[in-house]
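# Examining the three-dimensional arrangement
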Amino acid sequence: MSSSFDLNRLVRENVLKMKPYSSARDEYKTDGRKMTFLDANENPFENGVNRYPDPQQGKVKQMLASQKSLSAAQILLGNGSDEVLDLIFRAFCRPRVDNVITLPPTYGMYKVLAGLNEVEDREVVLASGFQPNVAAIFEKIDEQTKIIFLCSPNNPTGNSFSEASVEEILRNFNGLVVIDEAYIDFSAKTSWLERLEEFPNLVITQTLSKAYGLAGIRLGICYASEEIISILNKIKPPYNVNELSQQRALERLSRPEEVNREVQTILQERELLRANLSKMSFVKEIFPSDANFLLVRVENAGRKYEQLLEAGVVVRNRSNQQLCENTLRFTVGTPDENKELLKKLTQLKA
Ligand SMILES: *Cc1c(COP(=O)(O)O)cnc(C)c1O
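Residues numbered from 1 in each chain as written. Predicted model: local features only at pLDDT ≥ 70, side-chain atom pairs only at ≥ 80, totals over all residues. Heavy atoms only, no water.

On to the domain arrangement of the protein. In terms of domains, the protein is made up of domain 1 (7-252) and domain 2 (257-346). A C-alpha centroid distance of 29 Å is found between domain 1 and domain 2. In total, about 1,800 Å² of surface goes out of reach between domain 1 and domain 2, with carbon and sulfur atoms giving 59% of it. Of all residues in domain 1, Pro156, Phe186 and Arg252 bury the most surface against domain 2, accounting for 35% of the area lost on that side. (Domains from an automatic or database assignment. Buried area = accessible area lost by both parts, 1.4 Å probe.)

So, in structure tokens, the structure goes:
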């Protein structure tokens, strides 16, 4: 491993060399005057969405930038974080040459994207307390290791990774460290965004799909250095976030107190769910959670899962993941939905 972080060495050569597609909306930069747009082969008759959306999503980025005290140039938006993660793979990992490190049990998309991009996924299973095994991670790293994916709070386990472990990885790995903070808004821990300036190799992904309640609009967010963001910008599809999604995102982002109220309710409900589940005889362990779900070890998870389905409640059976034998993952619902879950659970036959 070389001794310092060198972004130009990390980027794929074809990406470094390529010229991005320049869309009509990229080429003409508005100067505030009212213009007649005859440049993009759009239908000119107004219906609210007859024009192409802003390819750089300026308004959404401005709002995020001011809320997070960053510059818009440190932000990339995507069609869900899944697109953002895919762009990161494609910008940095050479198919059949490079590798990435993931820490199972974790979010399934890292492996899917590694497979899709023909990039080796080197798995380092989490250690006790579902914490990163830092020594084992460093043993797996070689010259071709481009990215380490840390999901914190982690899905499906719910816990956050210790600050010391994450910092050790950030300090000693010369590739990118992607911290997936999809659940950060449910956590009392501070986001790694606060330390973005400190680590040139840090990439943080967040999403409007969970706490912000906008899974349907598909809006994922990537925060990193301007240099990293400009590379991702180069390869992103020109109009990857549609006009309706940008509008809905802006509306929601402008009402943080609304989001906050919902998050507070979800957190209260999570603890109520935990208290009630802990009284049930078939519940063996409820893992700590900084997210909007609980991972619960039960007796005979497969059967419980089927019985709940039969009763009209869909949960996630995570039993086939490493370290997750006989676990179910319950998303925290509305107060009524959680009551229904608890009621159905108490009614289950052994
Ligand atoms: C739900 C989730 C996401 C969200 O993905 P989107 O494509 O933005 O909806 C990302 N990472 C993790 C770990 C998740 O659980």
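Now that the structure has been shown, we can carry on.
Now for the layout of surface pockets. Space inside the largest pocket adds up to approximately 780 Å³. Together, 24 residues line the largest pocket, and Arg25, Tyr52, Pro53, Asp54 and Glu243 are the ones closest to its centre. Those elements giving two or more residues to the lining of the largest pocket turn out to be α3 (24-27), α4 (58-68) and α10 (243-253). The leading source of residues in the lining of the largest pocket is α10, at 4 residues. The residue inventory of the lining of the largest pocket, partitioned by class, reads 9 nonpolar, 6 polar and 9 charged. (1 Å grid on protein atoms, 1.4 Å probe; cavity = no way out; pocket = protein on both sides within 12 Å on 5 of 7 lines; lining within 4 Å. Points joined across faces, edges and corners; volume = space filled by probe spheres on them. Helix = DSSP H or I, 4+ residues; strand = E, 2+ residues; numbered from the N terminus. Nonpolar A, V, L, I, M, F, W, Y, C, P; charged D, E, K, R; others polar.)

Our next topic: the pattern of salt bridges. The full count for this structure, using the stated rule, is 28 salt bridges. Where Arg195 meets Glu167, a salt bridge forms, and the shortest distance between an N and an O atom there is 2.9 Å. Here the residue Arg195 occupies a position in the loop between β5 (176-180) and β6 (202-207), and Glu167 occupies one in helix α8 (residues 163-172), the gap between them amounting to 28 residues. Ionic pairing is found between Glu262 and Arg252, a salt bridge with its closest N-O pair at 2.8 Å. Of this pair, Glu262 sits in helix α11 (residues 256-277) while Arg252 sits in helix α10, and the two are 10 residues apart along the sequence. For Arg252, a relative accessible area of 11% puts it in the buried group. It is possible to trace a salt-bridge network through shared partners that takes in Glu163, Glu167, Arg171, Arg195 and Glu198. (Salt bridge = Lys/Arg side-chain N within 4 Å of Asp/Glu carboxyl O. Buried < 20%, exposed > 50% of the residue type's maximum accessible area, 1.4 Å probe, protein only.)

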